[in-house]
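# A closer look at the structure
Below are the chains, spelled out letter by letter.
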Amino acid sequence: MSNHDFLKKQIEEKRQKMYDAYLNGSDYNNVVKLSQELDSLLNRLSSVLL
């Protein structure tokens, strides 16, 4: 699996985890933490694509 594909898989997993946490009424700080982790993964993917 290429680095690009691996990052895309991690992004989708983190996005789903964040969405599930939101839907289940998770603590606000936890949802924000997951969102920040997702942002970091998206930034990494962006740098790989450039």
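First, a word on scope: everything that follows refers to the structure included in this document. (Residues numbered from 1 in each chain as written. Predicted model: local features only at pLDDT ≥ 70, side-chain atom pairs only at ≥ 80, totals over all residues. Heavy atoms only, no water.)

## Overview of the overall build of the protein
Cut-off, in case you're wondering: Strands here mean DSSP runs of E at least two residues long; helices mean DSSP runs of H or I at least four residues long; both are numbered from the N terminus. When a residue's accessible area, from a 1.4 Å probe over protein chains only, is under 20% of the maximum for its type it is buried; when over 50% it is exposed; and in between it is partly exposed. Methods summary: accessible areas were calculated by the Shrake-Rupley approach with a probe of 1.4 Å, and residue burial reflects only the protein chains presented. Counting rule applied: Lys, Arg positive; Asp, Glu negative; His and chain ends not counted. To locate a charge, the coordinates of NZ of Lys, CZ of Arg, CG of Asp or CD of Glu are taken.
Secondary structure summary: the protein contains two helices and zero strands in total. When the backbone C-alpha atoms are referred to their principal axes, the protein occupies close to 35 × 15 × 10 Å. Within the span of the protein, comprising 50 residues, buried residues form 20% of the whole. Summed over its atoms, the accessible surface of the protein is roughly 3900 Å², and 53% of this surface lies on carbon and sulfur atoms. If the 7 positive side-chain charges of the protein are averaged to one point and the 7 negative ones to another, these points end up 4 Å apart.

## Regarding the environment of Arg15
What counts is decided by this rule: The term polar contact refers here to a pair of N or O atoms within 3.5 Å; inside protein, the definition further demands a hydrogen-donor-capable atom paired with an acceptor-capable atom, and it admits residues adjacent in sequence only when both atoms are side-chain atoms.
Looking at where Arg15 falls in the secondary structure, it is placed in helix H1 (residues 3–23). C-alpha separation for the pair Arg15 and Asn29, spaced 14 residues apart in sequence, amounts to 16 Å. There is a polar contact of 2.6 Å between the side chain of Arg15 and the side chain of Glu12.

## What to know about the side chain of Lys14
We apply this condition: The contact rule is simple, with two residues in contact once any of their heavy atoms fall within 4.5 Å.
Turning to its location among the elements, Lys14 is positioned in helix H1. Note on Lys14: relative accessible area 19%, which makes it buried. With sequence-adjacent residues up to four places away left out, Lys14 is seen in contact with Leu34, Glu37, Leu38 and Leu41.

## Focus: the environment of Asp5
Along the chain, the position of Asp5 falls in helix H1. A relative accessible area of 37% places Asp5 in the partly exposed class. Taking the C-alpha atoms as reference points, Asp5 and Leu45, 40 residues apart in sequence, are found 9.4 Å from one another.

These values are about where atoms sit, not about what they do.
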